[in-house]
Structures are given as structure tokens and as C-alpha cells.
Amino acid sequence: MAVLKVKFTKTKRDKLAQILWILNWVSVVSGIILFSLGLFLKIEIKKRNEVMAKGDINSVPNMLISVGVIACIINFLGGKICYDCSDANKFSRWKLVMLPYIVCTFCFTFCILVGALMCYTMKNELEESLYLGLRDAIKFYKDTDIPGRCFLKKTVDLLQIGFHCCGNNGFRDWFEIQWVSARYLNMASKEVQDRLKSNVDGKFLVDGVPFSCCNPSSPRPCIQYQLTNNSAHYNYDFLTEELNIWVKGCREALLDYYTTIMRSIGIAALLIWLFELSVLIGVRYLQTAMKNVLLLGDLEGESDGWLLENSFVETAKYNISIIKNFGKSNQISTVSGMNDPNINVQNTDCGKTNVTTKSIPAAR
């Protein structure tokens, strides 16, 4: 029994073909939108590539870009097919192409759904990439005279100023590394020598942060050094001075930024997937209705269109049986004890079994 069977007159078939022709061109635009969203996300990720560890974070934008390009191509072809389907004679040219086209389009719409879901499942990979990338960037913050690292100080400073953040997890991350270059330290100073000797690794560690951590909204001049020493500053309590420096870590700030972008892209991709799925259903109805018209031989008469020719269960069983039996028809059984039925078959006599032979008369 056919699933969701609908009866179509010639007028309805023509209108369906015209509507689907327009919708396929709209789908081309949606493909351009998907491509643009993927490109935008890829550019945004590349902007902060210096503070991200290498990983699979580009899989989502690459997926969206690929799906967008395929959408433009496949929907352009779909528009041409639907336009020709308004004429039964032109439809005969596409009769053998439409079913493979519908199958390919279904796989394509599934890829859109996968891309949309990936926007919501990418958060863990992105968070790990940001954690490792920011850790290394802060670690090499002081290396302004080393090729390959000299740009990291500017990158981190602009990041902290732009996203109102400080450190990787928070401002205390700067306490655990030497972020002041040795070239700017007065090695003759006793304070510097004591700090270098007090650390096992010989690093110059201070309870201070770079200037880019300072909050310009603070009512007092920014306090960068001795942040946890209340006695070092007048009328100061670091536990209550929330406006002095940025409290949020840059990993959290960047993660919130990219999560918002990907959530918006995911919603747009889901809407495009639903639209593409509705167009695909319409094309399936048009294909079955036009096919039945040719079978009936009456191009002006009514015809049935359906989503599936049989029920879901029967269709699933049929497809599974095809997959299981694929290639088995040409296989030769080599199991022990299994003989070819055409081997060792006794021949049957085609003539009479008891034939009386005539003796040749002897010569006299």
C-alpha cells in the first residue's frame, strides 16, 4: 500500500512543477547562504588561529562550504527538471534520471542535517583547542625578539582588550608564568635577583598582569602589580576590586563568542534542511505522478502520486534484502559437501530403450 498517496489532475501537476521550479531557485539561494555562513565561520576561526591548537575545528565550516556548493549545483539541476516536468513529452527525457536524482538529493539533505548538528557538538573540541592554544600563547608572551613568537604579545593584548578578558582561565594564570622579557629586567636589582632565586625554574614570577588586562571603566588607575597584596596599595582590597582588571578568562570569552555564532548558524542550517526536505518531498510526488501518467497513457488524465510505493516496513525490508543479496547471484558455492546439481547427473535415453535390431540376410 502506497504511503501518503495523493491524486493529481493535469492542472495540479503543472502547478506543482511550476512551484517546485521556483522553490529550487530559492534553494540555490539557500545554498549560497550555507556557503557564506561556512566561509564566515572559517574566517572567524582563522582570525584567532594563533591562540588555537591544531585540531578538527575547521570540519564544521568546511562541511558547510561543501554542502553550500553542492546545494547550488543540485538545485540548479532540480529547477531544470521541474521546469521540463510541466510537459509530459519533456519529462520522458528525465524519467530515468529523476529517481537517482531524488536519492542523491536525500543524501545531500542528510548532510545539511549533519552540518547543523555539528554546530552544536563542536563545543568540546573548540574548548580544548582554545585551552591549549591560549596556554601556549601566554607562555610565549614574553618572547618578543624570537622569530615565530614575536607577534604573540600583540595578539594576546588585542584579544584581552577586545574580549574584555584576562589570562586563559583567569587573571591568576599570569602569576604562574614569566611574562616579562629578561631584556627588560634589571639584573643588578636585588629584588629581581631574589625573585629569580626564589623560583625553582629561575623564572621571574610576579603577582601582576599585563596592561591589556586593565578595565578602562575602573574608577581608579589600574593596579597591575601586587594584585593580591592589599597593604601595597592605599584603600585597596583585591577581593572587591572587580572593576580594576577583567575577571573573565579569555577561553570562556572566546568560547561564548564562537558558541553564539555556531548556534545561529546551526539554526539557519536546520531551517534550510527543513526547506530542502519539503522541496524533495514535492519532487518525489511530481516524479511518481508523472511516471503514472506515462504508464496510464492518458497525458490529460488523473494520476496518483506518493511518497513511497509500499509501506515503510516493506520498503525497509526490500532495501535490506537488496543489500544482503548484493553480489551473491554471481558467487559459486565452495562449501564442503555441496555439489553442483549439474554434475554427475545420469544421462537419459532420448530414443526407445528396447530396439529390435534387424539381422542382415546372409548371402546365398
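None of these values were measured; they are calculated from a predicted model.

Parameters at a glance
- Residues numbered from 1 in each chain as written.
- Predicted model: local features only at pLDDT ≥ 70, side-chain atom pairs only at ≥ 80, totals over all residues.
- Heavy atoms only, no water.
- Helix = DSSP H or I, 4+ residues; strand = E, 2+ residues; numbered from the N terminus.
- Expected span 1.5 Å × (residues − 1).
- Contact = heavy atoms within 4.5 Å.
- Disulfide = S-S within 2.5 Å.
- Buried < 20%, exposed > 50% of the residue type's maximum accessible area, 1.4 Å probe, protein only.
- UniProt positions renumbered as here; feature names shortened; annotations may be inferred.
- Core = buried A, V, L, I, M, F, W, Y, C linked by side-chain atoms within 4.5 Å.
- Axes fitted to C-alpha atoms, helices over the stretch in contact; angles between N-to-C directions.
- Parallel < 35°, antiparallel > 145°, perpendicular 65-115°, else oblique.
- Left-handed = near helix turned anticlockwise from the far one by under 90°.

K.L.:
Please give an account of helix α4 (residues 123–139) that cites residues and values.
P.N.:
Over its 17 residues, α4 runs 24 Å from end to end, which matches the ideal 24 Å to within 8%, given 1.5 Å per residue. Packed against the buried residues of α4 are α5 (152–163) and α7 (250–296).

K.L.:
Please give an account of the environment of Phe275 that cites residues and values.
P.N.:
Among the structural elements, Phe275 can be located in helix α7. Residues Phe275 and Ser30, spaced 245 residues apart in sequence, show a C-alpha to C-alpha distance of 9.1 Å. Apart from residues no more than four positions distant in its own chain, Phe275 is found in contact with Leu23, Val26 and Ser27.

K.L.:
A description of the state of the cysteines should follow, citing residues and the corresponding values.
P.N.:
All chains considered together, the criterion is met by three disulfides. With its sulfur 2.1 Å from that of its partner, Cys166 forms a disulfide with Cys213. For the disulfide bridge between Cys166 and Cys213, the dihedral angle about the S-S bond is near 85°, and by the sign convention the bridge is right-handed. Here the residue Cys166 occupies a position in the loop between α5 and α6 (190–198), and Cys213 occupies one in the loop between α6 and α7, the gap between them amounting to 47 residues. A relative accessible area of 0% means that Cys213 is categorised as buried.

K.L.:
How would you explain the UniProt feature "transmembrane region" (unreviewed entry) in the protein if you had to name every residue and give the values?
P.N.:
Per the UniProt record, "transmembrane region" (unreviewed entry) is annotated on residues 20–40, 60–78, 98–120 and 265–286. Secondary structure content for residues 20–40 is 100% helix and 0% strand, while the C-alpha to C-alpha distance between its ends is 30 Å. A distance of 34 Å separates the end C-alpha atoms of residues 98–120, which is 100% helix and 0% strand.

K.L.:
Now, about the nonpolar core: what can you tell me, with residues and values included?
P.N.:
The biggest cluster of nonpolar side chains holds 77 residues, and the ones touching the most others in it are Leu126, Trp174, Val209, Leu227, Leu254, Val283 and Leu286. With 18 residues, the single largest contributor to this core is α7. Aside from chain neighbours lying at most four places away, what touches Leu254 is Arg48, Val51, Leu130, Leu134, Leu159 and Phe163.

K.L.:
Tell me about the packing of helix α1 (residues 10–47) against α7, and name the residues and values.
P.N.:
Packing of α1 against α7 brings their axes to within 9 Å, and their N-to-C directions diverge by 155°. Here α7 runs roughly antiparallel to α1, going by the angle between their axes. The handedness of the crossing between α1 and α7 comes out as left-handed.

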